[in-house]
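# Tertiary structure, described
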Amino acid sequence: MTQQTGEASPSIEKNGQTLIARMPMKLLDDELLKTVGRMIDEAAAADAKISLVVLDLSQVSFIPSMGLGLLVQMASKCKSRQQTLKLAAAQPSLRQVFAITRLDRLFQFADSVDAAMG
């Protein structure tokens, strides 16, 4: 699956020691997650002071199972770099998927990007 035409691309921004990955799309598929993962890896390699990575999921309503696996890999990479990964602003239906798969035990959640950084 690929990104639908007309939707924005994921972006990474740095705020102090935090990387914020914004995903302005409804479907966060494996190709998009691979791209975001590479962007985070590159940004983290360029600045060893990064201690927090926040994924802004406010626009995302669906992540396929392969995407969930890639999120687990992303969490593992962050942990190996001694960074905390937080998922911000996940919609209730998305949070339910994490609960059903018990991945809510692996990830830290925040109600917003600001709350994740606080």
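Placed above this text is the structure.
Here the structure is a predicted model, which is why all the values come from computation and not from measurement.

So, on to the environment of Gly-37. Along the chain, Gly-37 falls in helix H1 (residues 30–46). Accessibility expressed as a relative area gives 13% for Gly-37, which makes it buried. C-alpha of Gly-37 to C-alpha of Gln-73: the two residues are 36 residues apart in sequence and 9.0 Å apart in space.

Bringing the nonpolar core into the picture now. Grouped together as the largest cluster of nonpolar side chains are 29 residues, with contacts concentrated most on Met-23, Leu-28, Leu-55, Leu-57, Ile-63, Leu-71 and Phe-98. At the level of elements, strand S2 (18–22), H1, strand S3 (52–56), helix H2 (65–80), strand S4 (84–88) and helix H3 (92–100) are the ones that each hand at least two residues to this core. Looking at this core element by element, the count peaks at six residues for H2. Those residues within four positions of Leu-57 in sequence are excluded, and the remaining contacts are Met-23, Leu-28, Leu-87, Ala-88, Ala-89, Ala-90 and Leu-94.

To continue, consider the side chain of Lys-86. Tracing the sequence through the fold places Lys-86 in strand S4. Salt bridges are absent for the buried Lys-86, whose nearest opposite-charge side chain, Asp-111, sits at 12 Å. For Lys-86, the contacting residues outside a window of four places in its chain are Leu-52, Val-53, Val-54, Leu-55, Gln-108 and Ala-116.

Once that is clear, we can look at the sheet that holds S4. Read across the sheet, five strands follow the order S1-S2-S3-S4-S5 without closing on themselves; strand pairing throughout is mixed. Strand pairing shows two members of the sheet lacking a second neighbour, strand S1 (11–15) and strand S5 (108–110), which therefore form its edges. Ignoring which end each strand starts from, the neighbouring axes of this sheet average 25 degrees apart. Across three bridges, the pairing between S4 and S5 is parallel. For Leu-87, the partnering residue across the bridge sits in S5 and is Phe-109. Against the sheet, H1 touches S1, S2 and S3, its axis set at about 160 degrees to S2.

This part takes up the pairing of S1. Sheet topology note: the S1/S2 ladder contains five bridges and is antiparallel. Counted as the bridge partner of Ser-11 is Arg-22 from S2. Between S1 and S2, which pair antiparallel one after the other, the connecting turn spans two residues, and Gly-16 there sits at a positive phi close to 65 degrees.

Glancing now at the pairing of S2. In terms of burial, S2 is largely enclosed, as four of its five residues are buried. In this sheet, S3 lies alongside S2 in parallel orientation, the contact comprising five bridges. Note on S3: the bridge partner recorded for Thr-18 is Leu-52. With respect to chirality, the unit in which S2 leads through H1 into the neighbouring parallel S3 is right-handed.

What follows deals with the packing of aromatic side chains. Going through the model one piece at a time under the given rule, you end up with two aromatic pairs. With 5.6 Å between their ring centres and 80 degrees between their planes, Phe-98 and Phe-107 make a pair best called edge-to-face. The same class applies to Phe-98 as to Phe-107, namely buried. Between Phe-98 and Phe-109, the ring centres sit 5.3 Å apart and the planes meet at 75 degrees, which makes this aromatic pair edge-to-face. In this pair, Phe-98 is assigned in helix H3 and Phe-109 in strand S5, connecting sequence segments 11 residues apart. On the basis of relative accessibility, which here comes to 0%, the residue Phe-98 falls in the buried class.

Scoring rules and cut-offs
Just so you know, the residues in each chain are numbered from 1, in the order the chain's sequence is written. For this predicted model, a pLDDT threshold of at least 70 governs which residues receive local features, and a threshold of 80 or more governs which side-chain atom pairs are given and counted, while totals over whole chains, interfaces and linings are taken from all residues. Side-chain calculation: all heavy atoms of the structure are included, whereas hydrogens and water are not. A run of DSSP states H or I qualifies as a helix once it reaches four residues; a run of E qualifies as a strand once it reaches two. Both are numbered from the N-terminal end. Using a 1.4 Å probe on the protein chains alone, a residue whose accessible area is under 20% of its type maximum counts as buried, one over 50% counts as exposed, and one in between counts as partly exposed. Joining through side-chain atoms within 4.5 Å is the link that ties buried Ala, Val, Leu, Ile, Met, Phe, Trp, Tyr and Cys residues into a set, and such a set is a nonpolar core. Contacts between residues were defined by any pair of non-hydrogen atoms, one from each residue, lying within 4.5 Å. Charged residues are defined here as Lys and Arg on the positive side and Asp and Glu on the negative side; His and the ends of the chain fall outside this count. A carboxyl oxygen of Asp or Glu within 4 Å of a side-chain nitrogen of Lys or Arg is what we treat as a salt bridge. At least two DSSP bridges between two strands are required for those strands to pair. The angle between two axes is taken between their N-to-C directions and runs from 0 to 180 degrees, where each axis is a line fitted to C-alpha atoms and a helix contributes only its stretch in contact. Here the term right-handed applies to a crossover when the path leading from its first strand over the helix to its second strand runs clockwise, the strands being oriented away from the viewer. Side-chain rings of Phe, Tyr and Trp (the six-membered ring for Trp) are treated as a pair once their centres are within 6.5 Å; stacked means planes under 30 degrees apart, edge-to-face means over 60, and tilted covers the remaining angles.

In short, the description is geometric, and any link to function would need to be established separately.
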